Every structure is written in structure tokens, then in C-alpha cells.
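Descriptive structure summary
Here are the chains, one letter per residue:
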Amino acid sequence: MSSATTPPDSDPTGRRQVHSMLKLYYGMNEEGKVESLDPCDINGPHFDPEVYLNKLRKECSLGELMDHESCTVKQIRSLDSDMQTLVYENYNKFISATDTIRKMKNDFKKMEDEMDCLSANMAAITEFSAHISGTLQDQHAQITKLSGVHTLLRKLQFLFELPARLNKCLELQAYAQAVSAHRRARCVLQQYSHMPSFRGIQDDCHVIMEQLAQQLRQKFRDGGSSAKDLSECVELLLQLDEPAEELCDKFLSHAQSRLEADLQGLEAELIDSLVTDTGGGLVQKTNPGSNPVSPSSSSTTNPFLSPTAGTDILEFIDRGCNEFVSNLCLVIASYQELFINHPQEGELASKKIPEMANGKLHVFVDTLAARYFSLVERRIQEEKGVGDNSLLVRALDRFHRRLQAISKLLPGSAVPSQGTEIVVRAARERIKQYLSALQTFYHDSLTDVRQALAAPRLSVGGASASGGGATSKDATPSLPELLTSLSNFILNQLKSVLASVHLFTAKDITFSNKPYFKGEFCSQGVREGLVVSFIKFICQSSRQYCESAGDRGGSTPPALLLLLSRLCLDYETSTISYILTLTDEQFLVQHHTPVTPVTALCAEAREAAQKLLNHYVKVQGLIISQMLRKSVETRDWVNTIEPRNVRAVMKRVVEDTTSIDVQVGLLYEEGVRKAHSSDSSKRTFSVYSSSRQQIRYAPSYTPSAPMDTSLLSNIHKLFSERIDIFSPVEFNKVSVLTGIIKISLKTFLECVRLRTFGRYGLQQIQVDCHYLQMYLWRFVSDENLVHFLLDEIVGSAAHRCLDPSPMEQSVIEVICERG
Amino acid sequence: MKMDDDAPVIYGLEFQARALTAQTAETDAIRFLVGTQSLKFDNQIHIIDFDDENNMINKSVLLHDAGEIWHISGSPADKAVLTTCYSKTSENRVLTCAAVWRMPPEWESGSHESPDDSSNNPQTLELLCHLDNTAHGSVACVLWEPLGDGKRVISLAENHVLLWDLQESSTKATISSTATLEGKGQLKFTAGKWSPHHNSTQLVTANDTAIRGWDLRSMSQIYCIENAHGQLVRDLDFNPNKQYYLASCGDDCKVKFWDVRHINEPVKCLEEHSHWVWSVRYNHSHDQLLLTGSSDSRVILSNMVSISSEPFGHLVDDDDLSDNEENQQEDKGKEPLQDSIIATYEEHEDSVYAVEWSAADPWLFASLSYDGRLVINRVPRALKYRILL
């Protein structure tokens, strides 16, 4: 039937299309989107057999049509068999389902009956249960009530007995029991206080507890009791709602009064030592005056203390440590025991007592320590004597060591670090004191040297008046000795100071391993602050001698200048590096911070030495210049008599130069001089005067050639080097002497040029110059220099001469040798 | 304009010489007067004209037969008039006298026509008058009234200050007032300077190591710097622009600058020479430039900016006001200059006793050494432009 109609639809489809056909049937059409509208598509929904057939007929040949037809028939057949199989399968399944449903219907009916039976039973049970509880209810209520009454009665009994019990506890001093009992009852009493009877009990309890608290407080205040008692006491008081802050304060104030007493003792000692220190010999005089002001203290204590006036710093610190610091430690320990370390229970813990108490303790310790420190610092500041450093160091060590106890007790406290700072400050101060002591020492030794120099100088004056070359020998041998002794003094002093300062870094000293003492103290403190500063000071003060000594020739004796110059030079060559090496070795200086290098110091010392030596040359040159100038300026050179002698001033010049030569020779090496012939004193001079000199100013006598002189002298100058008169000298005797002679002769020249000479005036100058020539050449590095300057002098004198007729050379020589 | 500095111009005199002055009244030509020192020959005054453009020297010589010249000074009003201090030997006594002279009118024309002849036939100075001083001893120097009309001079003789009035065209000199320095020992003025400030009423003198200021109206001492130098004070000069400042030099090789209101300490001290400093001169226009001559044969030109009247470069004057804004910007950029040595001139081979700035050209100066060598130098151009611009 229907199968007959459908086959035309499904007939031409292939087996593969079965699935899609079913989908189509079950309304899953929307999924087959690619459904073509082509009427020729045999599987499409819009299949039109007519169109399809027409199309086939039109397009295909007969053979193809035949093939197509057989193919289609084959497909239709397979589709039919598929269809049949499907129908059979579905039929069987439907039959078995119907059987199952019938069976289930029977089972459900049986279950329904059983459920009915169950619900009837449950109803019966509920009924019974209600019945039983109804009968038991009355008795249960009674029992509950009775037990409530019983507890209440027990509580009441406790309450009524409480005052008596408390009293008993009080008598037995069982404070802990009393407090715990009271604590238990307190809330109840508080709650029912509106009832008269309870009120009575509460009041009684209050009174007793008040009494108890009083006793506890008393006990606490006495403080004599053992630490354990005390702690118990504090705990009880805390439990009694005694405010913890108040307790702390009380405890601390109590402790403070004791510690204050210690501090006052220290202060009194300090003042006493002050009085005795500053008073010294004046104690006797000042005492009566100060009596009326503070009659009790000064009049009574002073006489007693004056014998033991020298309570040294060690004793002072000892006392401070033994009394104040140890007491302080005790206080801290017990306080911590009481308020901080004690385990707190319950509500007390929540009050944060340890924090509060700790804060208070810190403030307390800090204030007291600050006072103690100020006292210690005052005492340290009084330590001005630099003689024995070990006492101070030991005192500081003890001071520092004892403070460590506090740091152990009170880990967060600033006190130990402040103590270290005090030690550091004291050390710094000490270095400064040593520096100034060294400076004073240096000045004092210089004064000594000055006196030593001045003393023989007087005898020189006397001796030279009586006349004699022995003068210089008497006066000067002490120079090298003075130099070595001065230099040794300074070095020894410096060494002893270093040794003293070294105590600060000794291994057994607790603070020596602090970073300051390991690093800064050694490098910045000792090396820079002490040693380098001192060396710089020496150079500085030496330079000051050059400046302040003034232009007048100066208050500084020239010998001192020479000596200092040599000292500075010695420092430059060896002493500075020696001292610094010594320091570095002793103090194991690790240069974290830049330090002054040895070379810089040496350069400074050398500069100072150079300056001093230059100044020495200048001063000595000026002294001789002054003599020469006076001798030229004061004489009437036009109307002078024929020279018979070398003028005395020239002898004096040679004498002074000789003594300077000796003086310088004592401290400085000979130096290099240009080679000269063995008998330069005579030969060169004769050459100088007979040949060169003659040529030089012979032409000036002939009026025809007025230009020759200047021409010749200019030619001469062209070939000679320029002479710097006040020029730096080298560190040797020859150079120094050359400098002095240059200055003197140049002065001589300039003075001569300002004068006018008569015939004999010129001749006197000739004689004088010859004399100088005879003696001065040996002192200088280059004798040509002396020749040149003397040439210039004689030449200038000849120029300035109204009647230039020079003296015969032989006569000059005779006069000079005679003089 | 070439930037490198011109070489110094050197002129040699036949005689030794100490006296040098610029012709003060001459403001057009660069002209210096040199007085010679010779005991045997007639002394001369050399008139040195410097031709800046050609870098050449024209000289004229005038005879000064009165004696060797120790000091020379030109009148500020009349360029033909000058004074000399000369030494005269009579009866075996040497006395230094002073006189006022006039140059003969022909010297100038003569020299220009035939410069070679002038030295052969030198003309003689015309004596106007003697500053008769026999009563007072040797004259150290004669000072004209600065910026004056050429009628007043001061002579320093031994320990006397003599103020002269020149009358009848300078042919007659009368002493109008005197002052005498009293004290123990033989006091003797070595140098002096008439201050251009305070209406020319002040004089400063040096004797030994002391510097003294004088009020010429009352002829009394107004201040005294004892021990101004360690040794003899050789020369003095006033700062032309700062009325209380003066410079001094002496045998301690130092040049010191003083504020005469605070005489305890010098304002500044230079120690550059290696022997006595004989002469110190402020530049007339730019007082930071200072010239010193010394017997170490050197001339040193220093730039003392810090104590000059123009410590921060040049002053803004009227010409600059028009372009003021530019200048202000420039000024801000300028660092205050440092005191420094500008140059050391080593052309001399003997002691230099005198240095002088030209009166006509502020950038030019002359120095004279004992051997008769006159050297004319200029301020280095770089510095000149730095000061000017």
C-alpha cells in the first residue's frame, strides 16, 4: 500500500542515502541544509519524476537509458529488503515492552498494602510515648529545683564565711589564698550589692582586702623582703586591680632615690676633686672665704678630703661602677623579674603590662644614666695632665666594661652605646691634649735651644770685643749637639705619646675592638690627628719664624733658623717616614679613609727647610750688608786720606763670614764648588787686577773714548750669567755662603754707586776689595762670582771717582797682607 | 692689526744714567727725558721721542753742564720746562743742587731736520732759576705740583720739605713754606710724591724705613708708617684713581700697597724681585697696571686688579651707556680678574733705577738701567684689549 507509493520516492536512492532519508522523516530536515531544489535529484524532496524522465530521455542515449534503468531497479530492490528487515525488528521489540508493563502493574498493588500497615503501627507508638512523658514530668522538675537550691546554698555559705576566711588568711599571711578567694566572690557581691545582707559582706570584704592591700603595699615599699616575696606581692597587688603603672612608678621612684644618693656621692667627690684640683696651693686661702657660703659641706669635707685630694679617675670610676652601675643593674634585674618576665595570666595579660613597664624602665635607666654620664664626662674632662695615660685608659675600660652588664640586662638600651661614645670622645679629647702637649713641648724645647744659643752669644760679644778667632769655636760647637738633642727630645716625646695612646688599643681593653678604635682612632685620630698634625705644626711654626722674624733682621737668632732648617731637612729625609712607619706598625693602621701620604709631608718639610735656609741667608746677608752699607754711607769718600790699612769693617765682614761658614758647616755638608786652582787667592786676583781690571777701566782715563767702559762692561755682561741676588739656596754650606756673600757684595756695589769718590776713596775701595777677594773666594761655589761682583764694585767706584788714579797692585797687596 | 706684541725698542746712552721722566705736559708725542751721570764729561739730557707707528726712536741731546743728574722732572704745564737735581763738586765737597731749566726752542726743529747732527752739536739748556738750597743741604728730588699750572714745586733736601713758588715765568723761585723732619739720628728723605688727590694738598715722603704723609697747608705730618719696609724705602707712587692708596718699594725686595687710612698693615705685598726695588709707578689711566724696576736688572709689570679702581674689569663710562644692555650681559660673564704678574722684562743687564709710563700713550713705558740702556716696552696687546673691551 504505502510501500507502493513511497518506493517511487525512495526507489532511485542508493543504500547510502537510507540514513539521510530517515533523518528527513524524523523532522531533522533543517540539518540537511544542502537540500537541492533540483527536481532531477532523485534523493531530493522536490523530485519530479516527469521532469527527471524527460531529462533522461532527452540527454541519454538508449544504451545509457538501459543501464540507468537496470541500476534503478537494482536500487529499488535493495531498498525494499531493507525496509522489510526494519519492520520485523521493531515489531518484536514492541511485544516484549508490552509484557514488561503488565508485570509491573501487579507488583505495585502488593506494595501499597504493606505501606498502609506500617503507618498504622507508627501511630500506635507515638501515642504510647506521649503517655509516658506526661507521667514523668513532675518529678523531673522537682529534682532540678532541688539541685539548684543546693548550689546556691553552697555559694551563700562561701560568701558568709568569706570575711572570716579572709581574716584568717590575713592572720596567716596567706595573701595568695585571700586574694584568690576574694576574686571569686567579687563579681557576685558586686551583683547583689543592693541586698543589705550581701552589702554587709561586701563591705566587710572590702575592708579586709583594703587592709590586705595595705599590708602588701607596705611590704612592697619596704622592699627588704626577698625578690620572690616581692614578686608575689606585686602579682597580688596587680590582681587586686592595683594599677600597674602606679606600681612601676613606685618601684622606680623608690629605686631612683637610692641611685640618686649614689650619684650625689659621686658628684660630691667630683666637686671636691675640683676644688682641690683648681685650688692647689690656694686651698688654704679660699677656704675661709667659701665657708660662709656653704658652711656644712666645704668646711667639713674639705679638710678631710684634702689629704686624699688626688682621688684619681680610676678610683672615681670604680666608685661609680661599684655603687651606681651595680645598683642600677640590680634594680633593672629585679624590675624585669617583677614586671616584665613574670608570666601573667588571664585578664592581666591583656593589659600589656610588659610593654608599658619596659618603656618606663628604659626612660628610667636613660635619665639616670645620662646623669651618671655627665658626671663621668666632667670627671674625664678634668683629666688634663698627660703624664700617665694608663690610669685613664683603665678607668675608661672599667667604665665601658661595667656598662656591658646593662646591655646584657637591657638589650635595647642606648646606654652602652652612649657609654662607648663617651669613651670615644674621651679618646679624641686625649689625642687633642697630646697634640697640644707636644706642641707646647716643642715650643719649650725651642725656647731652651734659643736660650742655649743666646748664652754663648753673649760670650761671643765679649770675646770678639777682646778680639779673637776663638769666638766662633766657643760659641758654636753646641749647634750639632743642640740639633741632635732637640731632635731626640722631640722624637722621644712623640714615641712616649704614641706609647701612651697605644694603650687605648691594647687587647685587654674591652673597647679596643669597637670599630672606632680599630679604624678611625688609628688612622684619623692617631696618625692624622696626632702625628701628621704635629709634623705639620713643626713645619708651620718653622715657616712662621721666617715671616714673623720680620724684615728687620728679626728677633729670631740666625743660628736657630739654621738649626730649624736642618731639623726640617732631617725630617724630610728620614724622620717623617720613620715616625709614620712606627705609627703604622704600632697601630696597624688600615687606611679606609684617605690619609696624608708621606711624600706630601716630606714635601712640606722640605719646603719649610728651604724657606728657613733662605731666610737664614737673607738675615745673615742683611747683617753683613748693613755693616757694609753703613761703612760706605757714612764716610766722606772725596776727602779721605790715602789708604794705609784695610778698613776694619772689611775685616769684620771676613770674620763674620768665617764664623757663619763654621756655623753652617756644623750642620750642613760642604757642597760642590767649581774646581779652582790651588792658589786662587793670589793668582786669580793678580790676574783680575792686573790684566782684566786694567783693561776694564783704563780706557775711562782717556777722554777720547767715553763709550768704551760701558761697552766693555756690557760685553762682559753679555757673556756672564745673570745673578739673582736673593735666590733660593741649596742645602749645603757652599750654596748658603754664596748666597750670603752675593747679598753682601751686591749691597756694597749699590752703595758705592750712590757715592762720589776722591782719588784716595777709590784706592781705599781697591784695597778693601782686594782684601775681600783674598778671603771670600774660598767660601763660594764659583769664585768667578766674587770676582765679577768685586770687579763691578771697583769699576763703579772708578766711575764715580773725580780723580781716578788707581793704586799700584803691588802696594795694594802689601797693604792687604799687612792688615 | 697684528696681535703679537712688538719687540721692545732699546736705546743706548753713552753714559751711565739714573734719571728718567716722561715729558709730563706733552700729550701727543711719546717722549721721555733721560739725564746722564758722568763725573768726567759734560752731562746730557737725552730727549727720546718714540715713533709708535714706525717703532723707531728719535733722540735729541741737550747739554746739562751743571753736573751729573740724579733726578729729573718735567713741568706739568709747560713741556719745555723741567727740573733737575744734579751734583756739583766744589772745594772737595759734593753737593746736590736743584734747578729749573728751559729747553731751547730750537731743539725740536733741529732734531727733526738732521737728527744725526744734534748729538754732535748739542744745545745747552737755558737755566731759569736755582732752587737755592745751600742752607738745607743736598736735594733728593724735586716734585712738580701734579696737574698744576707749573708754578709750584717741592724739593726734598736732607730732612727738609721746601715748597717753592716760581714767579716771573719761572725765573725766580721763592720758598713759600717749609717743614722739617725732626728726630734722632741723621734723617734724610730718600723719595717723595706729591699727591694728585685732595686738591694737591698732600705730600708723602720716605726716609729710611718710614713713610710719612704731610699736609701742605699746615706743613705738618698727618700720618707716619714706621717700618713700612724692612729696609730703606726707595720710591713711592699714588694710585691716580684711589685717593688713599699708594704703593711703595724698597730694599727688602718688596712692593707694598697701603691704604693710608689703615697704616698698620699693608693692603697687599708683592715679593717678585730678587733685589732692591728702586722704582714703582702706577699707570696713569689704568691703575691696576703697576711697573717696578729693580737692581736685579728686571722690570716687572703687574696687574693688581684686586686693589685697583676697576676690580671687575672696566668701568662703564658715558660712551658705553648707549649700549648698556650688551655690556651688562658681558659684565655678568666676566670673572673678577686675579692679581698677577703680566710680564717680566729682562732686556736690562744692569740695575734698573727708573721706570716711567708715557704721558701720551697709557700702554707704553720706558725703563732705564745704570749702564745707560733705555728700553721702551708696551703692555701686551692681549691684556690691553681685555682691559679696554
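None of the values given here were measured: they were computed from a predicted structure.

Broken down by element type, chain B carries five helices and 29 strands. The buried share of chain B, reckoned over its 389 residues, is 59%. Sequence-distant contacts in chain B: of pairs separated by 6 or more residues, those separated by 24 or more amount to 51%. When the accessible surface of chain B is totalled, it reaches about 15,800 Å², and 45% of it is carbon and sulfur.

With 42 residues of chain B in contact, the opposing surface of chain A contributes 33 residues. Counting the surface lost from both chain B and chain A, the interface buries some 3,300 Å², and carbon and sulfur atoms represent 47% of this. For the interface between chain B and chain A, the tally reads four salt bridges. With its nearest N and O atoms 3.2 Å apart, the salt bridge here joins A:K618 to B:E271. Summed over the shared surface of chain B and chain A, the result is 13 residue pairs in polar contact (both at pLDDT 80 or more). Breaking the side of chain B that touches chain A down by element, the ones donating at least two residues are strand 2 (16-22) and strand 6 (68-74) of chain B. In the side of chain B that touches chain A, the residues fall into 11 nonpolar, 14 polar and 17 charged.

Our next topic: the packing of helix 21 (residues 648-667) of chain A against helix 24 (residues 733-753) of chain A. Residue and element names in this part refer to chain A. Running from N to C, helix 21 and helix 24 point in directions that differ by 160°, and their axes come no closer than 9 Å. Judged by the angle between their axes, helix 21 and helix 24 are roughly antiparallel. The handedness of the crossing between helix 21 and helix 24 comes out as right-handed. Seen from helix 21, the contacting residues are M650, T657, I660, D661, V664 and G665; seen from helix 24, they are K733, V736, L737, I740, I741 and F748. Among the residues forming the contact of helix 21 with helix 24, the class breakdown is eight nonpolar, two polar and two charged.

This part takes up the pairing of strand 25 (residues 299-303) of chain B. All names here are of chain B. With respect to burial, strand 25 is a largely interior element, five of its five residues being buried. Neither face of strand 25 is left uncovered, since the one carrying V299, L301 and N303 and the one carrying I300 and S302 both have all their residues buried. Where strand 24 (residues 289-294) lies against strand 25, five bridges are found, and the strand directions are antiparallel. In the sheet register, L289 faces strand 25, and the bridge partner there is N303.

As a further point, take the pairing of strand 13 (residues 160-167) of chain B. When a strand is regular, its side chains alternate between the sheet's two faces. Residues and elements named next belong to chain B. With six of eight residues buried, strand 13 is to be regarded as a mostly interior element. Alignment of strand 12 (residues 152-157) against strand 13, held across six bridges, turns out to be antiparallel. Across the sheet, residue I154 finds its bridge partner in strand 13, namely L163. In this antiparallel pair of consecutive strands, strand 12 and strand 13, the connection spans two residues, and E158 shows a positive phi of 50°. Judged from the eight bridges that link them, strand 13 and strand 14 (residues 172-180) form a sheet pairing that is antiparallel.

What UniProt calls "repeat: WD" (unreviewed entry) maps, in this numbering, to residues 226-261 of chain B. Taken as a whole, residues 226-261 of chain B contains 0% helix and 47% strand, while its terminal C-alpha atoms sit 14 Å from one another.

Bringing helix 27 (residues 809-818) of chain A into the picture now. Residues and elements named next belong to chain A. Taken together, the buried positions of helix 27 are Q809, I812, I815 and C816. What you see down the axis of helix 27 is that its buried residues fit within an arc of 125°, all on one side. Set apart from the buried face of helix 27 by more than 90 degrees, the exposed residues are V814 and R818.

All names here are of chain B. Read from one edge to the other, the open sheet built from four strands follows the order 15-16-17-18, with strand pairing classed as antiparallel. Two strands in the sheet have a free side with no partner beyond their single neighbour: strand 15 (189-194) and strand 18 (220-225). Shown here is a sheet whose adjacent strand axes are inclined to one another by a mean of 25°, direction ignored. For strand 16 (residues 202-207) and strand 17 (residues 210-215), the ladder comprises six bridges, and the chain directions are antiparallel. Counterpart to N207 in the pairing with strand 17 is A210.

Attention now goes to unusual backbone geometry. Residue and element names in this part refer to chain B. Even without being glycine, E168 reaches a positive phi, approximately 50°. Examined against the element boundaries, E168 turns out to sit in the loop between strand 13 and strand 14. Positioned with a positive phi, N227 is a non-glycine residue whose angle comes to about 50°. Locating N227 in the fold gives a position in the loop between strand 18 and strand 19 (233-238).

What counts as what
Residues numbered from 1 in each chain as written. Chains lettered and ligands numbered in written order. Predicted model: local features only at pLDDT ≥ 70, side-chain atom pairs only at ≥ 80, totals over all residues. Heavy atoms only, no water. Helix = DSSP H or I, 4+ residues; strand = E, 2+ residues; numbered from the N terminus. Buried < 20%, exposed > 50% of the residue type's maximum accessible area, 1.4 Å probe, protein only. Contact = heavy atoms within 4.5 Å. Areas by Shrake-Rupley, 256 points an atom, 1.4 Å probe, with all protein chains shown as cover. Buried area = accessible area lost by both parts, 1.4 Å probe. Salt bridge = Lys/Arg side-chain N within 4 Å of Asp/Glu carboxyl O. Polar contact = N/O pair within 3.5 Å; in protein donor to acceptor, adjacent residues only side chain to side chain. Nonpolar A, V, L, I, M, F, W, Y, C, P; charged D, E, K, R; others polar. Axes fitted to C-alpha atoms, helices over the stretch in contact; angles between N-to-C directions. Parallel < 35°, antiparallel > 145°, perpendicular 65-115°, else oblique. Left-handed = near helix turned anticlockwise from the far one by under 90°. Pairing = 2+ DSSP bridges. UniProt positions renumbered as here; feature names shortened; annotations may be inferred. Arc of directions from axis to C-beta.

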